[in-house]
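Reading the structure
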2 protein chains.
Amino acid sequence: MSFEKLDALGRRLESLEHALSILGADEATHMAVGGGEKRAEAMANLAGMYHTQSTAPEIRDWIEAAKAEDLNEDQTLALGEFERSYVNATCLPTEFVERRTVATMRSEQLWRELRARNDWDSFLPALEGVVDLVREEAALRSDALGLAPYDALMEQYDPGNRTETLNPIFADLKGFLKDFVPEALDVQEEKLSQRPLKALKGPYSIENQRELGLAAMRAVGFDFTHGSLAVSHHPFCGGVPTDVRMTTRYRTDQFLFSLMAVLHETGHALYEQGLDKSWSHWPLGKARGMGIHESQSLFVEMQLARSPEFWSFALPMIHQYMGEDAIPGWDATDVLNQVNFVERGYIRVDADEVTYPLHVILRYELEQDLVYGKLEAAQIPEAWDAKMTEYLGISTIDDPKDGPMQDVHWPGGAFGYFPSYTLGAMIAAQQWSALEKSLPDAREQIGKGEFDAINDWRRQNIWLQGSRYSTPDLITRATGEPLNPEFFKAHLRKRYGRNG
Amino acid sequence: MSFEKLDALGRRLESLEHALSILGADEATHMAVGGGEKRAEAMANLAGMYHTQSTAPEIRDWIEAAKAEDLNEDQTLALGEFERSYVNATCLPTEFVERRTVATMRSEQLWRELRARNDWDSFLPALEGVVDLVREEAALRSDALGLAPYDALMEQYDPGNRTETLNPIFADLKGFLKDFVPEALDVQEEKLSQRPLKALKGPYSIENQRELGLAAMRAVGFDFTHGSLAVSHHPFCGGVPTDVRMTTRYRTDQFLFSLMAVLHETGHALYEQGLDKSWSHWPLGKARGMGIHESQSLFVEMQLARSPEFWSFALPMIHQYMGEDAIPGWDATDVLNQVNFVERGYIRVDADEVTYPLHVILRYELEQDLVYGKLEAAQIPEAWDAKMTEYLGISTIDDPKDGPMQDVHWPGGAFGYFPSYTLGAMIAAQQWSALEKSLPDAREQIGKGEFDAINDWRRQNIWLQGSRYSTPDLITRATGEPLNPEFFKAHLRKRYGRNG
Ligand SMILES: [Zn+2]
Ligand SMILES: [Zn+2]
């Protein structure tokens, strides 16, 4: 039976993915410094084997033959995802993939070096090369998938996302935020004039911070029989669903940043741990996509862990793990004022939940123009500055390092990825609203540190669905309606607005 | 060029080996408990890919064609090892390999369960099956290699080892030890009657023990840019030469056992780290075999770290890392009396350096009889007991758990491996003697904690040689003469004998 051949192929590919995921996590956490060269060689060869095995021509025949076979509903959906993966993996000629790999690796290396030197001009030729390749890739993917070129790029990260749907949603959100950011800043200023921000008094030992992080992970549902927490330079959530490798980093003058980062990554981890393990070797059994994944991390970080209810439960944990003198005299409001502090800034990854979407929308708009030839790489600094000035009232024209050179995405050729971040924030708010309808005392449960019912809702509606549905269909099925920015706007108004 | 095809194959195989080694080390150190099933599946699939790629029929053609090519000396030797590996990997039919894998996995599982229950009778049928398979395997390997059946089994672990050479050497050593064990026990009794063994007074913190172990590793030459130390249930030295993964375990009532285990594994690690990295993707670039590997670990553990000179240097380290009160009033002699304590015991892995070879020779003799049909599995307990009684004066007839059920080797089908342990001890003594000839102040250097010149000798004569020569040829080249048990006997006499 051809479906069985696909099933067996899935197991071989899962094993290679397993090796690549664990080797990747190990590299960032436990590898000896001198082990990098051979590790890179090993991972490149394994990735090559993965590519060869996942794009073999006979797979096309198996897929076609399996369509005529007697399959149950899961198998039928699985076959659809096998086909989607195969088409996405084979729609670029090998010659192009090799050319792109060389160019983006070189461009990423250059970017690391030149960003540190704030040198846009020297970087520009490499970025121009990447933009050319991305246009070529978008055209190739567009032909293969029958989608508009930018949609064909997004399809890699969130199947079903279309600019036709997203453009009005992002435009609406942008319009809202242009007015709302000043409002939130005013509200914050009034609040803080009456109750000033308190200063953290370190040092906070790494051992205590680790214990606090572990306790927070456990509290919100992380399963330590299927995962662990380690230290790495950049926090990530990697590994495999049966052995999720989460990392964080610590600063001894601060513990709240690390704690919030741990909670964010725990959101990703819960999704991976909550996938249906019996499908883990099918594309159908994997997490749906980047926007949905980010919605799960932001659900924990923003919807749960930055709420007042969470801190009425979590504040005693701080005292328990960091000592009674860690934040003397603070109550939950003081913590919330710290972690929910709003600020117009240059750097996307440092942005708060209110201004973050403007950083994303700026990139989303620019990268569409780049893909469609309405903007050239040389024009990015001016265009970036114009939008930063318009959306956030700050200029980056003299500081490309903190402007268009701040992210690895474009140097690495990852166009179509940025919208996932804000999509995730919107989906998280919409999920919270749907969840609260079926679990009216959800806020009280958070306040008691009870996350089982909340996680069960997410498990049934998101995690166990794997890749059964496209991103828009999954949103509609889980929340009862298509993506609607009103939920996120209402969430921001409630937390940061004048009448919140 | 066909040699280039072999070279490229070597790189692909090295990458799969890299993944398997790191995944194996990770499993024992950092894997979440629930990750085992998927890890086993991943490693089995990667091992399958390794087998498929390393036994592909076209490799035979590449090897034959490469013989006619213009190769330099290293490439010629490399080609020889490619051929040796290929012949060893392909001499068993796939059908047999699958049958053996299933049987030995099942037998190992049963052994774990039944050993704990001391139940030989229930285990016997499984072991009989394994013995049948081993006889079949020995015949197949014998045909393919033109060697005697037991020699063909040993050839997997130490190429070039032949019973014709080893039998008289082991017989000689056995004869020596029958008299020498009582002598060593008498000498020890006299010494200890004048200066009784001191008792360790724990608890010894794991953190301190870890720091002491790291310091000892660093002192004898472990390169921490290419390796690390972690904790696992059973100590091992794994990973890859550029990233050696060493482990140990700790007991809080004892720190000397863990320290000596760390030094033993460091010996293995130095060999791996010292291999020629430019050949690491050829069979030629790998460590020669089990006997030579064990000679490198025993060189550090027995020749260096159990010597009086070592402890005149190492005793202050104990005080530094474990505290001044760790071993109050002890001098180097007290430590040596502890770590070099001789005792007739049941368990090979717990045996001291004097009695250990008798445990090995017993198994070496029995497994030859098993392979050649002179002994049946059902007769093992009687035969084991007769030899234990004859060699060590103790009976295990009523306690199979601590008799023939104590080792995993036979349940796992690894016949021909045991001699490597004692071969390693003899080679280590012979190497020390050769080294001391070219470095007459080697003992003084140990006393000063200087291991660079000692390691350089080993690097040139052993480590950098990789698999250029068969085990016997490597011994002769490194030490100037073939394996000669007199060096080991002299070493034992000096350390444990009446006139030592
Ligand atoms: Zn995230
Ligand atoms: Zn060893």
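This structure is a prediction, so every number in the text was calculated from the model and none was measured. (Residues numbered from 1 in each chain as written. Chains lettered and ligands numbered in written order. Predicted model: local features only at pLDDT ≥ 70, side-chain atom pairs only at ≥ 80, totals over all residues. Heavy atoms only, no water.)

Next up on the list: the pattern of salt bridges. Overall, the coordinates contain 86 salt bridges over all chains when judged by the stated rule. Between Asp407 of chain B and Arg363 of chain B there is a salt bridge, and its shortest N-O distance comes to 2.6 Å. Pair noted here: Asp407 of chain B is in the loop between α15 (380–392) and α16 (419–438) and Arg363 of chain B is in helix α14 (residues 356–371), with a separation of 44 residues, a long-range link. Just as Asp407 of chain B is buried, Arg363 of chain B falls in that class too. Each of Arg11 and Glu14 of chain A together with Lys38 and Glu41 of chain B takes part in one network of salt bridges that share partners. (Salt bridge = Lys/Arg side-chain N within 4 Å of Asp/Glu carboxyl O. Helix = DSSP H or I, 4+ residues; strand = E, 2+ residues; numbered from the N terminus. Buried < 20%, exposed > 50% of the residue type's maximum accessible area, 1.4 Å probe, protein only.)

Residue and element names in this part refer to chain A. Domain parsing of chain A yields domain 1 (1–90) and domain 2 (148–500). Of note, the centres of domain 1 and domain 2, computed from C-alpha atoms alone, are 29 Å apart. With 22 residues of domain 1 at the interface, the matching set in domain 2 holds 22 residues. At the boundary of domain 1 with domain 2, total buried surface from both sides reaches about 1800 Å², with 60% on carbon and sulfur atoms. Run the count over domain 1 and domain 2 and you get 4 salt bridges. (Domains from an automatic or database assignment. Contact = heavy atoms within 4.5 Å. Buried area = accessible area lost by both parts, 1.4 Å probe.)

Here we come to the UniProt feature "binding site: Zn(2+)" (unreviewed entry) in chain A. Residues and elements named next belong to chain A. The sites that carry the UniProt feature "binding site: Zn(2+)" (unreviewed entry) are, in the present numbering, His264, His268 and Glu294. These annotated residues cover 31 residues of sequence, and their C-alpha atoms lie no more than 8.9 Å from one another, placing them together at a single site. On the basis of relative accessible area, His264 is assigned to the buried category, the value being 11%. Every residue in contact with His264, bar those within four places of it in the chain, is listed here: Glu294, Ser297, Leu298 and Glu301. Not counting chain neighbours up to four residues away, the residues in contact with His268 comprise Cys237, His293, Glu294 and Ser297. Within the structure, His268 has its side chain in polar contact with the side chain of His264 (distance 3.3 Å). (UniProt positions renumbered as here; feature names shortened; annotations may be inferred. Polar contact = N/O pair within 3.5 Å; in protein donor to acceptor, adjacent residues only side chain to side chain.)

With that settled, consider the packing of aromatic side chains. All names here are of chain A. Enumeration according to the criterion identifies 40 aromatic pairs over all chains in this entry. Between the aromatic rings of Phe3 and Phe82, the centroid separation amounts to 6.4 Å while the plane-to-plane angle is 80°, which identifies the pairing as edge-to-face. Remark: Phe82 occurs in helix α4 (residues 73–90) and Phe3 occurs in helix α1 (residues 2–29); sequence separation between them is 79 residues. Between Phe176 and Phe180, the ring centres sit 4.9 Å apart and the planes meet at 15°, which makes this aromatic pair stacked. (Phe/Tyr/Trp six-rings, centres within 6.5 Å; stacked < 30°, edge-to-face > 60°.)

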